[in-house]
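Coordinate analysis (summary)
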Number of protein chains: 2
Amino acid sequence: MALIVQKYGGTSMGSVERIEHVAGKVASWRDKGHQVVVVVSAMSGETDRLLKLARSIAPRGNPREYDQIISSGEQISTGLLALALEKAGVPARSYTGRQVAIRTDDAHGKARIQSIDTERLLADCKAGVVPVVAGFQGVADTGSVTTLGRGGSDTTGVALAAALGADECQIYTDVDGVYTTDPRVEPRARRLDRITFEEMLEMASLGSKILQIRSVEFAGKYKVPLRVLSTFEDGPGTLITLEDSGMEEPLISGIAFNRDEAQITMVGVPDRPGIAAAILGPVGEANIEIDMIVQNVAGDSTTDFTFTVHRNDVERAVEIVEGVARELGAAGVRTAQDIVKVSLVGVGMRSHAGIASQMFKALAAEGINIRMISTSEIKISVVIEDKYLELAVRTLHTSFRLESAPLSG
Amino acid sequence: MALIVQKYGGTSMGSVERIEHVAGKVASWRDKGHQVVVVVSAMSGETDRLLKLARSIAPRGNPREYDQIISSGEQISTGLLALALEKAGVPARSYTGRQVAIRTDDAHGKARIQSIDTERLLADCKAGVVPVVAGFQGVADTGSVTTLGRGGSDTTGVALAAALGADECQIYTDVDGVYTTDPRVEPRARRLDRITFEEMLEMASLGSKILQIRSVEFAGKYKVPLRVLSTFEDGPGTLITLEDSGMEEPLISGIAFNRDEAQITMVGVPDRPGIAAAILGPVGEANIEIDMIVQNVAGDSTTDFTFTVHRNDVERAVEIVEGVARELGAAGVRTAQDIVKVSLVGVGMRSHAGIASQMFKALAAEGINIRMISTSEIKISVVIEDKYLELAVRTLHTSFRLESAPLSG
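Described below are features of the structure shown in this document. In this text the structure is predicted, and so the values were computed from the model without any measurement.

Reading the values: the criteria
Residues numbered from 1 in each chain as written. Chains lettered and ligands numbered in written order. Predicted model: local features only at pLDDT ≥ 70, side-chain atom pairs only at ≥ 80, totals over all residues. Heavy atoms only, no water. Core = buried A, V, L, I, M, F, W, Y, C linked by side-chain atoms within 4.5 Å. Buried < 20%, exposed > 50% of the residue type's maximum accessible area, 1.4 Å probe, protein only. Helix = DSSP H or I, 4+ residues; strand = E, 2+ residues; numbered from the N terminus. Contact = heavy atoms within 4.5 Å. Salt bridge = Lys/Arg side-chain N within 4 Å of Asp/Glu carboxyl O. Pairing = 2+ DSSP bridges. Axes fitted to C-alpha atoms, helices over the stretch in contact; angles between N-to-C directions. Phe/Tyr/Trp six-rings, centres within 6.5 Å; stacked < 30°, edge-to-face > 60°. Lys NZ or Arg CZ within 6 Å of the ring centre and 35° of its normal. Buried area = accessible area lost by both parts, 1.4 Å probe. Polar contact = N/O pair within 3.5 Å; in protein donor to acceptor, adjacent residues only side chain to side chain. Least-squares fit on C-alpha atoms with pLDDT ≥ 70 in both. Disulfide = S-S within 2.5 Å. Right-handed = clockwise from strand over helix to strand, strands pointing away. Expected span 1.5 Å × (residues − 1). Left-handed = near helix turned anticlockwise from the far one by under 90°. Nonpolar A, V, L, I, M, F, W, Y, C, P; charged D, E, K, R; others polar.

Regarding the nonpolar core
Side chains of nonpolar character tend, in soluble globular proteins, to be buried together. Residues and elements named next belong to chain B. If you look at the biggest cluster of nonpolar residues, it comprises 39 residues, and the most contacted ones within it are Val-133 and Leu-226. A per-element tally of this core places helix α7 (residues 152-164) first, with 5 residues. Look past the residues within four positions of Val-133 in its chain and what remains in contact with it is Val-37, Val-38, Val-39, Val-40, Thr-78, Tyr-95, Val-100, Ile-102, Leu-121 and Leu-160.

Now the structure itself:
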């Protein structure tokens, strides 16, 4: 018998039929002898509907009132699922964040969980009752309802699993696990049985948007085994867990990519200390997120400085950088929007040399020019022309044999 | 400076524009120097939408979960109005029933208010903040959300006014007050400046559905002056208050009527004790509400026994009564659906003789036959053929000079 926290997202809760389907899944886990605590999101579309109402009154209104309004979506879901569970013969009880209580700070709209009372939930489990907890929300010391920010229901699930000492936190979604890459780009993409927290962080932040990043960080920190699986198909999903030294790790777990970036290059910058700060400081102050940063030291006394930002931010960023370029006496600013970032991710590359050169060779063999390179301990990212995206992903997928499961050591 | 509780119903909160209009009304009362506490209903249609969702899963599901679901409608309204007030320059703060706290018993779906914490609301008022409180809901000792039953937002308003010692509880709705009768039937119907709690109870229960009856009882019990006024038109509305002995009461305050009843008569019932209980007991057990009851003692050893029920219940009631008739050896059961009940209401009739005979004479002069009569201290009801409804109402309105305001003593 295990204690399992299951989180069902907005799509899984999207209609009366789907809610009844979720109830069936919960019932089947319970029938196998497990204790189940459920976390639910608002029905798909509901949070947007409420946000739209609030924004049409006051687009930048008091965040406390925004939270009071939008937290109701998850509250409704808890009641509906509890009704469906009881109808399916499973005793159940709905909980808002406050009723649990999930205590947070008072940073409305992006609150952080501070503590969770587990007493009532554990008593329910012991009594055979399934608690159905509203995701995405908590309560501040003032008694005000808080929300954790978009996708926060994943965080609620992981935090509850950590507080309850659950054996596993299962995140139910509309995909059946984490893949080696996007199956729409490489049909031979393979579902991973397991992946480490660190790899998942790199995969998620690089564009494989399955899990909220914060929840993965949280799961890693509290060592909560996290499983991503499908609400709509049966299957083992992908287990996200600690690195298991007793097992031969695959070299590479997957290939992530991101089409949303644009490249900005300041050319002919006088090469002296403080250039990076002079260029990126004003961009950061304008609340523009910077992803990759590369500085090429040229032979003469000038250098080229390149970074990437989200495409939506490129115009604002260029405006700022052109000002800086004039001050620094740089030769000019160039942008490129027809780019993609492709990343190899794998904890195995820490202990294996030659991954980078195998990657660059494979791309070169297909005539794909690399515009930018950035590396970390467990990933190598390259920026290439966007028309090569599919070719690059398939080439790397084949080169690193991702279509077949690794052999255990 | 007065402390005023204002309650706005679902129609008043029905859209973003209307919510902003309500904010304007609250602001104008506050600008006049009053302290205002607001109670809101869910946006019109919202509670029905949520009920439909819940019913489509479990039509007779756990009432606790129903309350968890439907209470969110009012919660959303509080946040939206608080946003609109702040936008209008009025500091405001939303409260769920729990956040106040409004404590109730745990009779989900029809909970009774037990106590209200006024500390935070009074502190808000003192600080110039307008509290916006969710109507219709409270919290049980268990921490579960409860609801007070349909129309319960009126009750919340009155209960808050009583607890806060407010000078007045204003119920904003889509009519501009209480009328002497329905203006669609008698165009000369006049808005009453004031009416007593008891008269209002008779008017409301007899079909002038403006206020939830329970809230009027509550207001009477705690002597909270209650005012009904329009959200959409300016005007003084109607003040519902205690009888004021310093003032000459009008004889009659108004004429109510009800088209929803049907008459059931058991004829030729052996006249012996216990007949009423034998007939009405089984009807009550079937959860059918009985309104008027009249027993005619005939000259011989049998009697006729007549009562009225809602038209929707008449078939079920007749089935039960026919069984009883066979047991009692009655001559038969007759029904009439083409009837209406018309009632004269007024505290003045307590101290004035001759009201009943003036009423019967006026009806007789128009050839209107009376089928049933029932009287109480402050009302006289007659059942007549439904085709005479408009004629009867106009005749009585004229006979008792309701079109002109009474002269003060």
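From this point, the narrative continues.
Let's talk about the pattern of salt bridges
Pairing of side chains with opposite charge becomes possible as their charged atoms draw close. Per the stated rule, a full pass over the model turns up 34 salt bridges over all chains. In this structure, the salt-bridge partner of Arg-64 of chain A is Glu-65 of chain A, at a minimum N-O distance of 3.1 Å. Residue classification places Arg-64 of chain A among the buried residues on the basis of a relative accessible area of 6%. By relative accessible area, Glu-65 of chain A is classed as buried at 0%. Of the charged contacts, one joins Arg-191 of chain A and Asp-193 of chain A as a salt bridge, the two residues approaching to 3.1 Å between their closest N and O atoms. What you see here is one network of salt bridges that share partners, running through Glu-46 and Arg-49 of chain A together with Glu-46 and Arg-49 of chain B.

So, the sheet that holds strand β2 (residues 35-40) of chain A
All names here are of chain A. Read across the sheet, 8 strands follow the order β3-β6-β2-β1-β9-β11-β12-β10 without closing on themselves; strand pairing throughout is mixed. Where the open sheet ends on each side, the last strands, each with one partner, are β3 (92-95) and β10 (194-196). Along the sheet, successive strands turn relative to each other by an average axial angle of 20°, direction set aside. When strand β9 (residues 168-173) meets strand β11 (residues 226-230), the two strands line up parallel, connected through 5 bridges. Bridge pairing in β11 links Cys-169 to Leu-226. The strands that helix α4 (residues 72-87) touches are β2, β3 and β6 (130-134); relative to β6, the one it contacts most, it runs at about 160°.

A word on the packing of aromatic side chains
A complete count under the given rule lists 6 aromatic pairs over all chains for this structure. Pairing Tyr-8 of chain B with Tyr-172 of chain B gives two aromatic rings, centres 4.5 Å apart and planes at 15°, and the pair type is stacked. Residue Tyr-8 of chain B is found in strand β1 (residues 3-8), and its partner Tyr-172 of chain B is found in strand β9 (residues 168-173); the two are separated by 164 residues along the sequence. What makes Tyr-8 of chain B buried here is its relative accessible area of 0%. For the cation-ring pair, Lys-32 of chain A lies above Trp-29 of chain A, with the distance from its terminal atom to the ring centre recorded as 4.5 Å.

A look at the interface of chain B and chain A
Chain B puts 43 residues into the contact, and the matching count from chain A is 43 residues. Note on chain B versus chain A: buried area summed over both sides is about 3,400 Å², and carbon and sulfur give 55% of it. The largest share of the area that chain B buries against chain A comes from Ile-57, Gln-68 and Leu-83 of chain B, three residues that together contribute 21% of it. Seen at the junction of chain B and chain A, the total is 2 salt bridges. Connecting chain B to chain A are 23 residue pairs in polar contact (both at pLDDT 80 or more). The set of elements that each furnish at least two residues to the side of chain B that touches chain A consists of α1 (16-31), α2 (46-57), α3 (63-70), α4 (72-87), β3 (92-95) and α5 (97-100) of chain B. Of the residues forming the side of chain B that touches chain A, the biggest block, 11 residues, is contributed by α4 of chain B.

Topic: the sheet that holds strand β10 (residues 194-196) of chain B
All names here are of chain B. Strand order across the open sheet formed by 8 strands is β3-β6-β2-β1-β9-β11-β12-β10, with mixed pairing between neighbours. At either end of the open sheet lies a strand with only one pairing partner, and these are β3 and β10. Each strand of the sheet is rotated relative to its neighbour by a mean of 20°, with strand direction disregarded. The sheet contact formed by β1 and strand β2 (residues 35-40) spans 6 bridges and is parallel. Each bridged residue has a counterpart across the sheet, and for Ile-4 the counterpart in β2 is Val-36.

What to know about the relation of the copies chain B and chain A
Placing chain B over chain A gives an RMSD of 0.2 Å and needs a rotation angle of 180°, together with 0.1 Å of translation along the axis. Taken together, the turn and the small shift mark the pair as related by a two-fold rotation axis. Taking the C-alpha atom as reference, chain B places Ser-72 of chain B closest to the rotation axis, 2.7 Å from it. Both copies present the same face, since 100% of the interface residues in chain B are matched by interface residues at the equivalent positions in chain A.

Some words on the side chain of Ser-144 of chain A
In this structure, Ser-144 of chain A sits in the loop between β7 (137-139) and β8 (145-147). On the basis of relative accessibility, which here comes to 1%, the residue Ser-144 of chain A falls in the buried class. For Ser-144 of chain A, the side chain forms a polar contact with the side chain of Thr-142 of chain A, separated by 3.2 Å. Among the polar contacts made by the side chain of Ser-144 of chain A, one reaches the side chain of Arg-93 of chain B at a distance of 3.5 Å. Excluding residues within four positions of it along the chain, Ser-144 of chain A makes contact with Arg-64, His-108, Gly-138 and Val-139 of chain A together with Arg-93 and Gln-99 of chain B.

Some remarks on the state of the cysteines
Two cysteines whose sulfur atoms are joined by a covalent bond form what is called a disulfide. All names here are of chain A. Inspection of every chain in the model, using the stated rule, returns 0 disulfides over all chains. Cysteine Cys-125 is unpaired, with the sulfur of Cys-169 as its nearest cysteine sulfur at 14 Å. Judged by its relative accessible area of 6%, Cys-125 is buried.

Points about unusual backbone geometry
All names here are of chain A. Residue Ala-101 is reached from Val-100 by a cis peptide bond, and omega for that bond is 0°. Residue position: Ala-101 is located in the loop between α5 (97-100) and β4 (102-104). Despite not being glycine, Arg-401 has its phi angle at roughly 50°, a positive value. Looking at the secondary structure, you find Arg-401 in the segment after α13 (389-399). With a relative accessible area of 61%, Arg-401 lands in the exposed category.

Structural notes on the pairing of β2 of chain A
All names here are of chain A. Counting buried positions along β2 gives 5 out of 6 residues, so the element sits mostly inside the fold. Remark: the strand β1 (residues 3-8)/helix α1 (residues 16-31)/β2 crossover connection has right-handed handedness. Looking at chain direction, β2 and β6 are connected through 3 bridges and run parallel. Bridged to Val-38 within β6 is Val-132.

Describing the environment of Asp-304 of chain A
Residue and element names in this part refer to chain A. With respect to the secondary-structure elements, Asp-304 resides in strand β16 (residues 302-310). Spatially, the C-alpha atoms of Asp-304 and Gly-268 are 5.7 Å apart, while their sequence positions differ by 36 residues. Look past the residues within four positions of Asp-304 in its chain and what remains in contact with it is Thr-265, Met-266, Val-267, Gly-268, Val-294, Gln-295 and Asn-296. Looking at Asp-304, its side chain comes within polar contact range of the main-chain nitrogen of Gly-268, at 3.2 Å.

Comments concerning α4 of chain A
Residues and elements named next belong to chain A. Between its first and last C-alpha atoms α4 spans 23 Å; for 16 residues at 1.5 Å apiece the expected length is 22 Å, and the two agree. The element α4 is extensively covered by neighbouring structure, given that 14 of its 16 residues are classed as buried. Downstream of α4 by one or two residues, Gly-89 has phi in the positive range, about 85°.

A few points about the packing of α2 of chain B against α4 of chain B
All names here are of chain B. α4 packs onto α2 with a crossing angle of 145° between their chain directions and a minimal axis gap of 9 Å. When the axes of α2 and α4 are compared, the crossing they make is right-handed. Here Glu-46, Thr-47 and Leu-50 of α2 lie close against α4, whose contacting residues are Ser-72, Gly-73, Glu-74 and Ile-76. For the contact of α2 with α4, the per-class residue count stands at 2 nonpolar, 3 polar and 2 charged.

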